[in-house]
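Now for the letters of each chain:
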Amino acid sequence: MRKLPLIIKREYLAKVRNRSFVIMTFLSPILMVAMVVLIAYLTKLNDGEKRVVAILNESDYFSTDFHTTESVSYLRFFDIDLATAKDSTANMGYSGLLYIPHETDLEIVAKRAVFYSKDAPSSVLLDKIEMVFQERLRQRRLQNIGVSPKDFATVDDRFEMDTATYSGEKNLKHINEIKAAIGGAFGYLIMMFIIIYGGFVMRSVIEEKTSRIIEVIISSVKPFQLMLGKIIGTSLAGITQFAIWIMSAGILLFVALAILDIEPTSLTAGQDVVNSAAGELAPPIPAVDETLGLYSQEFFKIPWLMLICFFLIYFVLGYLIYSSIYAAIGAAVDNETDTQQFIFPIILPLMLAIYVGFFSVFNNPQGPIAVGFSLFPLTSPIVMLMRLPWGIGEGGVPIWQLLVSILLLVGTFIGIVWLAAKIYRVGILMYGKKPSYKELFKWLRY
Amino acid sequence: MNNILVTEEVTKQFGNYTALDKVSLEIPKNSIYGLLGPNGAGKTTLIRIINQITYPDSGTVFFDGEPLMPSHIAKIGYLPEERGLYKSMKVGEQALYLAQLKGLEKGEAKRRLKYWFERLEIGDWWNKKIQELSKGMAQKIQFIVTVLHQPKLLIFDEPFSGFDPINANLIKDEILNLKSRGTSIIFSTHRMESVEELCEYIALIHESEKILDGKLSEIKKAYKNNKFHVGMAIDQGSLFLEEMEQRFDLAHSTYDPVEKQMNFTVQLPSDDSRGLLGYLSTKGKVNHFQESIPSANEIFIQTVQQKGTHA
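Remember, predicted model here, so these are calculated numbers, not experimental data.

Asker: Help me get a handle on the environment of Tyr 166 of chain A, residues and values and all.
Answerer: Residues and elements named next belong to chain A. By the element assignment, Tyr 166 lies in the loop between strand S5 (163-164) and strand S6 (170-171). You can call Tyr 166 exposed: it has 7 C-beta atoms within 10 Å. Once the C-alpha coordinates of Tyr 166 and Gly 395 are considered, the two residues, 229 residues apart in sequence, prove to be 9.1 Å apart.

Asker: Tell me about the UniProt feature "transmembrane region" (unreviewed entry) in chain A, and name the residues and values.
Answerer: Residue and element names in this part refer to chain A. In the numbering used here, UniProt assigns the "transmembrane region" (unreviewed entry) feature to residues 21-42, 180-201, 239-260, 302-322, 342-362, 369-387 and 399-421. Taken end to end, residues 180-201 is 100% helix and 0% strand, and its two terminal C-alpha atoms sit 31 Å from one another. Span residues 342-362 is 100% helix and 0% strand, its end C-alpha atoms 31 Å apart.

Asker: Account for the nonpolar core, with residues named and values stated.
Answerer: Core analysis: the biggest nonpolar cluster contains 130 residues, and Ala 327 of chain A together with Ile 155 of chain B have the highest contact counts within it. In terms of residues, this core owes the most to one element, helix H12 (residues 304-332) of chain A, which gives 14 residues. With 12 residues, the next largest nonpolar core counts Ala 54, Ile 55, Ile 100 and Phe 133 of chain A among its residues.

Asker: Before we move on, can you summarise the sheet that holds strand S1 (residues 3-14) of chain B with the specific residues and values?
Answerer: Residue and element names in this part refer to chain B. Overall, antiparallel pairing links the 4 strands, which are arranged S2-S1-S4-S5 in an open sheet. Only two strands of the sheet have a single neighbouring strand rather than two, namely strand S2 (17-28) and strand S5 (66-67). The pairing of S1 with strand S4 (residues 58-63) spans 5 bridges and is antiparallel. Bridging from a neighbouring strand, Thr 7 pairs with Val 61 of S4. On top of the sheet, helix H1 (residues 43-50) reaches S1, S2 and S4; it is set at about 120° to S1, its chief contact.

Asker: Give a detailed account of unusual backbone geometry, specifying residues and quantitative values.
Answerer: Residue and element names in this part refer to chain A. With phi around 55°, Asp 79 is a residue other than glycine that occupies positive phi space. Locating Asp 79 in the fold gives a position in the loop between strand S2 (72-77) and helix H3 (82-92). Its 7 C-beta neighbours within 10 Å are what place Asp 79 among the exposed residues.

Asker: Talk me through the pairing of strand S1 (residues 51-57) of chain A; I want residue IDs and the actual numbers.
Answerer: Residue and element names in this part refer to chain A. Among the 7 residues that make up S1, 5 are buried, leaving the element largely enclosed by the rest of the structure. By the bridge criterion, 6 bridges tie S1 to S2 in an arrangement that is parallel. Within the sheet, the bridge partner assigned to Leu 56 lies in S2 and is Phe 77. Where S1 lies against strand S3 (residues 96-100), 5 bridges are found, and the strand directions are parallel. Across the sheet, residue Asn 57 finds its bridge partner in S3, namely Ile 100.

Asker: If you had to explain the sheet that holds strand S3 (residues 32-36) of chain B to someone new, which residues and values would you point to?
Answerer: Residue and element names in this part refer to chain B. If you trace the 6 strands from one edge of the open sheet to the other, you get S6-S7-S8-S3-S9-S10, paired in mixed fashion. Single-partner strands in this sheet number two, and they are strand S6 (76-79) and strand S10 (209-215). Between one strand and the next, the sheet's axes are offset by a mean angle of 15°, whatever the strand orientation. Two elements, S6 and strand S7 (residues 153-157), share 4 bridges in a ladder whose sense is parallel. By the bridge assignment for S7, Gly 77 is matched with Leu 154. This element, H1, spans S3, S7, strand S8 (184-189) and strand S9 (201-206) of the sheet and lies at about 150° to S7.

Conventions adopted
- The numbering scheme is per chain: residues are counted from 1 as the chain's sequence reads.
- Note on labels: chains are lettered from A, ligands numbered from 1, in written order.
- Note on the predicted model: pLDDT of at least 70 is required for a residue's local features to be given, and 80 or more for side-chain atom pairs to be given and counted; whole-chain, interface and lining totals, by contrast, use all residues.
- Here a helix means four or more residues in a row that DSSP labels H or I, a strand means two or more in a row labelled E, and each is numbered from the N terminus.
- Any residue surrounded by 20 or more other C-beta atoms within 10 Å of its C-beta is treated as buried, while 12 or fewer makes it exposed and the intermediate range makes it partly exposed; C-beta atoms here are placed from the backbone.
- UniProt positions are given in the numbering used here, feature names are shortened, and annotations may be inferred rather than shown by experiment.
- In plain words, the nonpolar core is the set of buried Ala, Val, Leu, Ile, Met, Phe, Trp, Tyr and Cys residues that C-beta atoms within 7 Å link up.
- Any two strands with at least two DSSP-identified bridges between them are counted as paired.
- Any residue pair is listed as a contact if its two C-beta atoms, each placed from the backbone, are within 7 Å.
- Between the N-to-C directions of two axes lies an angle of 0 to 180 degrees, each axis being a line fitted to C-alpha atoms and, for a helix, fitted only over the stretch in contact.

Spelled out as structure tokens, the structure:
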């Protein structure tokens, strides 16, 4: 068995020294960061564009309601008629003209107000204007039924339902999405790793076949050793690449954002800024810090150590299963173009796992679909990891499911590797045969 | 133990196809053994079984008296017919890797490689990549890697394909040199004439069966059929020919009246070449007298035909 380290070393070095691999390793993080920075920059540019809205206000209302903000500025016309106002708005290239007619009753004023613009106005802009009207109308209506703004403020306090587990621990509502996203990220990582490096294993097998070195090698080592060494060596190269990607992308992103002065949060928080442009009676936003604190508390309560342990278990088993299938495919064909018919059935369960996982686990992490797919061995590495952030035992994954899932996975691992090794052993010495599934089945009996 | 390798009724099937049918061979130590037969006869399958790449469905293989086991791999050197090298790896690195896979320790492997690289005058190739080498050059590397671990048994499958005549001779000399140092060698080829001169023993494989095996000289003795090629200087060609045809079974006769040279083949009923030669020398000057020895190819064809008529 001391030949195995030799094979692993060769496969690793062959992969790591490969020119396109080196280029991809160092280029990918740069490309990725460039893309993120570009998106951030474009978002900023978009937000930075200032819209100008002209207002022709003939009523007695709204004289102080439209405040120029970061993204919209208001320009008031006085003592001109509507037609002239429309003309000049269009000529000046403003975003639109808000016409508020002269009426005595606020309700009628609001009803008859019109926003003129060349094209359909942006919904964000319209929302802002509508919000101003709505606030004003609400205040008026409240006054009519005799509620003072101060009373209303106390009435309009935002309510949030407290959620808790049966054992009395406090729950947070959005924590499910966060947990699913964390699990999803792990699952997605596994899928990407399998597809990229499984493909590498396959190509490496094909290369040994086409260069005709295979028979020289397997007269010295067992085909199974070669297959195993290839899979391990390639995955070590893959882990090296991933580590370089994650580290360099992190550093580059940090540096790039610092240089361009883009707040990382602006990538996600664009929507909130718009909504907060409400009137003076907007209900006070509940203590953000407190919620954030709870979230981070919950975030740290996620059983990270357990999660990472199981990630490693599912990752190793899942990757070995799939990459040995890839190796068998590589052995069965003479060149890469013949692989298509075999690749699709491999990708299918992976895709299914990701999509089913995202939909069903997000909705109901302990539902029957989620449970089913987290037990089925070809999808369990991805789906079970999506469920695991909820913990093991009460409220999370029952222990029996975890055990069954891992046992099934180990059983499948042994079975698939055995089958793949058989196909591999026969396939690597077959030249010029276009393999079919029927043919592969026959090889199992050789 | 006089045999390096013995196979006993080795049978191998691929699905419904029988690749080897009860093949029994005895390969003597320190000999060159020819495994001859047309393409698809089962030679490569047999060799793969000896190298433990595939396993027989039934039958046993003995290596040096012991049933074949994984540890024997280090004592066998195999140059497959389908041979290649990693294209993007450097020559030295690659040779070192393959040598280590055969169980050689790294320092020892390096030392031996240096020796062989210099012996075959390719010392400056160490840092070249395989894709920069010609096919013949790559074959030299493959040869070195095959013999580097000083195996007791060397197996060459179509060894000379891909070599130019000069390098083929070089390799042939190296093989004879290895044999003189005690190595046993198996040649497998479908071009029977090419290794016939090297082999002391042969086995003929046809349609998955061994149809003939043994010492080449004895096989030839058994298959020679008292045919003699004769060349004579004769004045009266046609007269002599008439006389000869009455006495002997004659074939392929030609007469050159200018040179007064007659050539023909005689088929004798028995091995009495002395009588024939005595008779001929009374008739003219014999300048060429040779017993016709069948080639392996002729023996093969004859054996296959005999098999066909028996069946």
